[in-house]
2 protein chains.
Amino acid sequence: MNRQKVITMVHGSGGQATENLIDEIFDKEFDNDTLHEMEDSAVVPGSGRIAITTDSFVVSPLEFRGGDIGRLCVCGTVNDLLMRGAIPKYLTCGFILEEGLRVETLQRVVHSMAETAKEAGIQIVAGDTKVVEGNGGLYINTSGVGFVPEGVNISAKKARAGDFILVSGTMGDHHAAVLSERMSIDSNIESDNAPLGEMVNGLIKAGVNLHVLRDITRGGLGTVLKELAKASGKVFYIEESKVPVTPKVRDFCGLLGLDPIYMGNEGKMVAIVAPEDKEKALGIIRTSKYGEYASVIGCVAEPGEDEAGDLIMRTAIGGKRRMEALQGEGLPRIC
Amino acid sequence: MNRQKVITMVHGSGGQATENLIDEIFDKEFDNDTLHEMEDSAVVPGSGRIAITTDSFVVSPLEFRGGDIGRLCVCGTVNDLLMRGAIPKYLTCGFILEEGLRVETLQRVVHSMAETAKEAGIQIVAGDTKVVEGNGGLYINTSGVGFVPEGVNISAKKARAGDFILVSGTMGDHHAAVLSERMSIDSNIESDNAPLGEMVNGLIKAGVNLHVLRDITRGGLGTVLKELAKASGKVFYIEESKVPVTPKVRDFCGLLGLDPIYMGNEGKMVAIVAPEDKEKALGIIRTSKYGEYASVIGCVAEPGEDEAGDLIMRTAIGGKRRMEALQGEGLPRIC
């Protein structure tokens, strides 16, 4: 591998070259006994109730300020497990390498995955590598399995009238960071890609009456809240002025005419909690890693006629706006 | 969707167009309550010991005689679970669609996945869709979770001196079928892509003393046996004349100078069994679906000096050949 600086089709043959690639890059970084076994499946301890999720990552560029596709994919899958109240346990990764990918780029990405998995406390137990023709790109699928503790029951459908809606931090950071790289704008904005285990575990351990958790990714806060409103059949009210956005992201969006409410994040979540636990939940999220700028942004109410599933925003200038999920492209795609 | 004949970038926005695509194609075909919930993770019943696996499928063309990428990916993941003696339970699928993919092609592939999942008795519980620029291609990652029954312990390392080596059918069919399509040769060869649950469950239920199971995919029988010989530290002897190959595949290989021993299958396995169970195992595989041409092809022995991990083939003309894993490209790639 050392003298081969780029991935070639032979790395996907399934023969000796594939074995070398796996040994020298993946197995070394993801060092654990289950993976070393190189079996068709990993056999691991189970649990009475499990959470399962999958996500593919196609971001370009592969590396950006504050993160890379490796950190992104681990965070994305870990967070999807956490959003059901599950303890993330096992991660699989499927790599599709385009011919021409630099080996040192792959090494950095894989190292980043290993570090992020360590931070998130999840074990990488199975992997797969394919090589396709192309221009040096890289796609990663990560699937995850978590254990759902007894009594935990968090679901998109469970928002109740009277509940409060919290977000765990500032909106649009990841989207703005990737767009900045793409457009070669020196915005200095960092991606927020992060695993949210500390805040979610904190909420569950403290016995907060959590009804809904949802991470805010592709489609942004607006799309996520609209989906949750539809799933619950309630009406959601939010206040634009309460939605946290950093000054840098606000300036960036102003410049390009973008709306941070529809921009993707990779380390933020919505929590919908029972009214009596609003302050407790806010306190726990704010004191956790990655939750400093958490904010209560609105509430859930019984719908009036023709209002079931509506998301209504009081705008900063005092108007009311009925919000929809992101329509069409909406804004420059990042994944 | 009906009037849009091809996938466009907007289907990957995460907004309304993505939702429509999921509703009208994936959710309809993979119809089940867990998937309908559209949560970040599926929460499902677990088990004391679970098997986990992942695989990405990049085959081109997407459809070929006897199968398609949809049947292929379900079979591949189901078989990887079966090879550890696990009962396949849950499947996730991550789709990466290239812009320009025909919607009706996607529909056929997704339908084929649904049918194959039904045949294999596995439930599709989570999915993800991304759209990238390109030329109408399609990559699918499938990850799977299975339950490992108590007492079952099948592993690549467990081959013992005296064991017999069986293959469940003819070699090279899938590889030859895909190459035929690629090269526009009207060979009439069909892919063998199939789920192997019936034969594996049959062996386990009958209490056959199974030491190793391994499906024969990329790299072919030669690569698989070489890996298993290395994992066990024994020496494997096989007889070329006992390796089943259909006349059609043999002719095709003769024409192109290919070796069926290194060609990929997608519905065949190696079983290594204790000597007393050789005939029983062979009978069970032969009477199962997809196992008609099963054959005992060799045995495992204690290695002599410098022989640990060797794979030695007695060729059809009586010579002895020390076999290696597939080197370099070896033969035209199909994935």
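Just so you know, these numbers come straight off a predicted model, no measurement behind them. (Residues numbered from 1 in each chain as written. Chains lettered and ligands numbered in written order. Predicted model: local features only at pLDDT ≥ 70, side-chain atom pairs only at ≥ 80, totals over all residues. Heavy atoms only, no water.)

Moving on, we get to the packing of aromatic side chains. By convention here, two paired aromatic rings are described through the distance between centres and the angle between planes. Applying the stated rule across the entire model yields 7 aromatic pairs over all chains. Where Y139 of chain A meets Y139 of chain B, the ring centres are 6.1 Å apart and the plane angle is 50°; that geometry is what we call tilted. Separated into two different chains, Y139 of chain A in strand β6 (residues 138–147) and Y139 of chain B in strand β6 (residues 138–147) make up a pair that spans both. By relative accessible area, Y139 of chain B is classed as buried at 10%. Taken together, F26, F30 and F95 of chain A form an aromatic cluster joined through their ring pairs. (Phe/Tyr/Trp six-rings, centres within 6.5 Å; stacked < 30°, edge-to-face > 60°. Helix = DSSP H or I, 4+ residues; strand = E, 2+ residues; numbered from the N terminus. Buried < 20%, exposed > 50% of the residue type's maximum accessible area, 1.4 Å probe, protein only.)

This next bit is on the packing of helix α1 (residues 16–29) of chain A against helix α4 (residues 103–120) of chain A. Residue and element names in this part refer to chain A. In the contact formed by α1 and α4, the axes pass within 8 Å of each other and the chain directions differ by 30°. On the basis of the axis angle, α1 is roughly parallel to α4. Where α1 abuts α4, its residues L21, I25, F26 and E29 lie against V103, L106, Q107, V110, H111 and A114. In terms of residue class, the contact of α1 with α4 is built from 7 nonpolar, 2 polar and 1 charged. (Axes fitted to C-alpha atoms, helices over the stretch in contact; angles between N-to-C directions. Parallel < 35°, antiparallel > 145°, perpendicular 65-115°, else oblique. Contact = heavy atoms within 4.5 Å. Nonpolar A, V, L, I, M, F, W, Y, C, P; charged D, E, K, R; others polar.)

All names here are of chain B. If you trace the 7 strands from one edge of the open sheet to the other, you get β8-β10-β7-β11-β9-β12-β13, paired in mixed fashion. With one partner strand each, in any of the chains shown, β8 (210–215) and β13 (320–323) form the two edges of the open sheet. Taken pair by pair, the neighbouring strands of this sheet meet at an average axis angle of 25°, ignoring direction. Bridge count for strand β7 (residues 164–167) against strand β10 (residues 269–273) is 4 bridges, and the pairing is antiparallel. Pairing of F164 across the sheet is with V273, part of β10. Packing against the sheet, helix α9 (residues 278–287) makes contact with β7, β10 and β11 (295–301), and its axis sits at approximately 5° to β7. (Pairing = 2+ DSSP bridges.)

Looking now at the nonpolar core. One finds F30, F95, L97, L106, L138 and M269 of chain A to be the most contacted residues of the largest nonpolar core, which totals 61 residues. Per-element tally for this core: the top contributor is α4 of chain A, with 8 residues. Lining this core are residues from two domains, each supplying at least three of them: domain 1 (9–147) and domain 2 (156–323) of chain A. Counting residues in each nonpolar core, the second largest holds 60 residues, with I25, L35, V59 and L282 of chain B among its members. (Core = buried A, V, L, I, M, F, W, Y, C linked by side-chain atoms within 4.5 Å. Domains from an automatic or database assignment.)

In this section: the sheet that holds strand β1 (residues 42–57) of chain A. An order of β5(A)-β4(A)-β6(A)-β1(A)-β1(B)-β6(B)-β4(B)-β5(B) is seen for the 8 strands of this open sheet, with the pairing classed as mixed. Single-partner strands in this sheet number two, and they are β5 (123–132) of chain A together with β5 (123–132) of chain B. Shown here is a sheet whose adjacent strand axes are inclined to one another by a mean of 25°, direction ignored. Pairing geometry for strand β4 (residues 87–98) of chain B and β6 of chain B, over 10 bridges, is antiparallel.

Contacts between the two partners involve 69 residues from chain A, matched on the other side by 69 residues from chain B. Both sides together, the interface formed by chain A and chain B hides about 5,800 Å², and carbon and sulfur atoms give 50% of it. Area buried by chain A at its contact with chain B is led by D40, I52 and R218 of chain A, which between them contribute 13% of it. At the boundary of chain A and chain B, one finds 10 salt bridges. A salt bridge links E39 of chain B to R214 of chain A; its shortest N-O distance comes to 3.9 Å. For the side of chain A that touches chain B, the secondary-structure elements that each account for two or more residues are α1, β1, α3 (69–82), β4 (87–98), β5, β6, β8 (210–215) and α7 (220–232) of chain A. Considering each element in turn, the side of chain A that touches chain B owes the most residues, 15 residues, to β1 of chain A. (Buried area = accessible area lost by both parts, 1.4 Å probe. Salt bridge = Lys/Arg side-chain N within 4 Å of Asp/Glu carboxyl O.)

Right, let's talk about the relation of the copies chain A and chain B for a bit. The two copies are related by a screw motion: chain A maps onto chain B through a turn of 180° and a shift of 0.0 Å along the axis, at an RMSD of 0.0 Å. Taken together, the turn and the small shift mark the pair as related by a two-fold rotation axis. Proximity to the rotation axis, assessed at the C-alpha, singles out S47 of chain A in chain A; its C-alpha lies 2.7 Å from the axis. (Least-squares fit on C-alpha atoms with pLDDT ≥ 70 in both.)

A separate point is helix α8 (residues 247–256) of chain B. Residue and element names in this part refer to chain B. Turning to α8, its buried residues are V249, F252 and C253. In an axial view of α8, the angular spread of the buried residues amounts to 95°, which keeps them on one side of the axis. The exposed residues of α8 that point more than 90 degrees off its buried face are P247, D251, G254 and L255. Contacts made by the buried residues of α8 are with α5 (173–182). (Arc of directions from axis to C-beta.)

It is worth spelling out the domain arrangement of chain A at this point. Interface size, as often reported, equals the accessible area lost upon joining of the parts. Residue and element names in this part refer to chain A. By domain assignment, chain A separates into domain 1 (9–147) and domain 2 (156–323). The C-alpha centroid of domain 2 is placed 28 Å from the C-alpha centroid of domain 1. Contacts between the two partners involve 21 residues from domain 1 and, on the opposite side, 26 residues from domain 2. Surface buried jointly by domain 1 and domain 2 totals about 1,800 Å² across both partners, of which 57% is contributed by carbon and sulfur atoms. Ranking the residues of domain 1 by area buried against domain 2 places R65, L82 and M83 at the top, with a combined share of 36%.

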